[in-house]
Amino acid sequence: MTTFNVLFIGDIVGKPGRRLCASVLPLLKKELNIGFVIANGENAAHGSGLTKRIASELLSCGIDVITSGDHIYKNDDIYEFLDLSPRLIRPYNYPARARGRGLTVVTDGKDRKIAVINLLGHVFMNVAHNPFSIIDEVIDKAAKETKFIFIDLHAEATSEKIAMGWHLDGRVTAVCGTHTHVQTADNRVLPNGTAYMTDLGMVGPFKSVIGREIEPVLQKFITAMPMKFDVANEDLRLSGALIEVDDTTGKAISIRRIQRTITGSPCASECN
């Protein structure tokens, strides 16, 4: 059996997250023999949104496909890039007239066609159509081109993500969640061969409140007064999952959590 490795990383937060990608990702790709990289980039511009320049910067670090979420339209500078580039996608369940695409198929260095689908959660978010109402349509579309199908479900509710994992077990290679910025410990391969993880975590400052400076967030909770939430910059870590894929069937063999520091060294929490 031949296999290949895909790295799926969580929300890239601001300049610290971009710095991590530039520093750690090239080394990590060589060390772990990674053939394809998917990353959520919707918080890469000052902690919220994305720009054309920053998207290009992330792609130059070795990311193959950038996914997004509810902040993707914050900067209108990104609109044309969304329309033109197959390497940046927005949630598929946005209205059909929204800029960009929600499904892309990209060829890797070994001529494999790899499909990446972006979905936005409905529970607690309510800014897009229910992803369960459109998922069969998009899976069928992707399956006509490839057996390697990866899904980023950018969602708030863990129940919604877990339900989607079970719903798609055996029909896609992997379902991984983003948005909460907290890496979960439930990585597993479901019974029919789909790799699953509720949240990949984030790429950015671990000494923070989901990427933001601690004190302003505390004051917001304590006083309910408006506060400016700047991106923090200490204890930088890259979080995500390494997925081993069967080259013949497109099913996942394994999924393990990855967490690396700015030096590229494993953190104590990296799990096999």
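Every chain begins its residue count from 1, and numbering advances along the sequence as written. Local features in a predicted model are, by the rule used here, given only for residues with pLDDT of at least 70; side-chain atom pairs are given and counted only at 80 or more, and totals for whole chains, interfaces and linings are based on all residues. Derived side-chain values reflect all non-hydrogen atoms in the structure, with water molecules and hydrogen atoms excluded from consideration.

Colleague: What exactly am I supposed to notice about the overall build of the protein here?
Modeller: Secondary structure summary: the protein contains six helices and 13 strands in total. It is over C-alpha atoms that the radius of gyration is taken, and the globule rule equals 2.2 Å times the number of residues to the power 0.38. Against the compact-globule benchmark of 19 Å for 272 residues, the protein has a radius of gyration of 17 Å, which places it among compact chains. Based on the C-alpha atoms only, the size of the protein along its principal axes is roughly 55 × 40 × 35 Å. Sorting the 272 residues of the protein into buried and exposed places 56% on the buried side. Long-range contacts, defined as pairs at least 24 residues apart, comprise 62% of the intrachain contacts of the protein with a sequence gap of at least 6. By the criteria applied, helices consist of DSSP H or I runs no shorter than four residues and strands consist of E runs no shorter than two, each listed in order from the N terminus. We call a residue buried when its accessible area falls under 20% of the maximum for its residue type, exposed when it is over 50%, and partly exposed in between, using a 1.4 Å probe and counting protein chains only. Pairs of residues are marked as contacts when any of their non-hydrogen atoms sit within 4.5 Å.

Colleague: Quick question: what am I supposed to make of the pattern of salt bridges here?
Modeller: Where charged atoms of side chains with opposite charge meet at close range, the side chains can pair. Throughout this description, the term salt bridge denotes a Lys or Arg side-chain nitrogen within 4 Å of a carboxyl oxygen of Asp or Glu. Per the stated rule, a full pass over the model turns up 12 salt bridges. Note that Arg260 and Glu31 form a salt bridge whose closest N and O atoms lie 2.9 Å from each other. Pair noted here: Arg260 is in strand E13 (residues 252-261) and Glu31 is in helix H1 (residues 14-31), with a separation of 229 residues, a long-range link. A residue is classified by how much of its surface remains accessible, and Arg260, at 2% relative accessible area, is buried. Its salt-bridge partner being Arg112, residue Asp247 comes within 3.0 Å of it at the nearest N-O pair. One end of the pair, Asp247, is in the loop between strand E12 (236-246) and E13; the other, Arg112, is in the loop between strand E5 (103-107) and strand E6 (113-120), and 135 residues separate them in sequence.

Colleague: What's the story with the packing of aromatic side chains in this structure? I'm lost.
Modeller: For any pair of aromatic rings, the description rests on two quantities: the centre-to-centre distance and the angle between the ring planes. Centre distance within 6.5 Å is the pairing criterion for rings of Phe, Tyr and Trp, where only the six-membered ring of Trp is used; planes under 30 degrees apart are then read as stacked, over 60 as edge-to-face, and the remainder as tilted. Enumeration according to the criterion identifies three aromatic pairs in this entry. Judged by centre distance (5.1 Å) and plane angle (85 degrees), the ring pair of Phe4 and Phe148 falls under edge-to-face. You can see Phe4 sitting in strand E1 (residues 3-9) and its partner Phe148 sitting in strand E7 (residues 148-154), a full 144 residues away along the chain. The exposure classification of Phe4 matches that of Phe148, with both residues buried. The interplanar angle of 75 degrees and the centroid separation of 5.7 Å between the aromatic rings of Tyr73 and Tyr79 together place this pair among those described as edge-to-face. By relative accessible area, Tyr73 is classed as partly exposed at 21%. Every member of this aromatic cluster is reached through a ring pair, and the members are Tyr73, Tyr79 and Tyr94.

Colleague: For this particular structure, what's the right way to read the pairing of strand E8 (residues 174-178)?
Modeller: Working note: regular strand, side chains alternate between the two faces of the sheet. With respect to burial, E8 is a largely interior element, five of its five residues being buried. Two strands are said to pair when DSSP picks up at least two bridges between them. By the bridge criterion, five bridges tie E7 to E8 in an arrangement that is parallel. Paired with Ile151 across the strands is Val175, a residue of E8. The pairing of E8 with strand E10 (residues 195-197) spans three bridges and is classified as parallel.

Colleague: Mind showing me how you'd approach the layout of surface pockets here?
Modeller: It is a probe the size of a water molecule, rolled over the atoms, that shows where empty space is left. Empty space within the largest pocket amounts to approximately 320 Å³. Around the largest pocket, the lining is made up of 17 residues, and of these His71, His179, His181, Ile210 and Arg212 lie nearest the centre. Throughout, the ten residues Ala, Val, Leu, Ile, Met, Phe, Trp, Tyr, Cys and Pro are labelled nonpolar, Asp, Glu, Lys and Arg are labelled charged, and all others, Gly among them, are labelled polar. Of the residues in the lining of the largest pocket, the class split is six nonpolar, seven polar and four charged. Only protein atoms enter the 1 Å grid used here. Points where a 1.4 Å probe fits but cannot escape make up a cavity, open sets with protein on both sides within 12 Å along at least five of seven lines make up a pocket, and a residue lines them when an atom lies within 4 Å of a point. Grid points are joined across faces, edges and corners, and a volume is the space filled by probe spheres set on the points. Looking at the second largest pocket, its volume works out to about 200 Å³. As for the second largest pocket, its lining consists of Thr3, Phe4, Asn5, Asn33, Ile34, Gly35, Phe36, Asp64, Asp108, Gly109, Lys110 and Arg112. Across the lining of the second largest pocket, the residue classes tally to three nonpolar, five polar and four charged.

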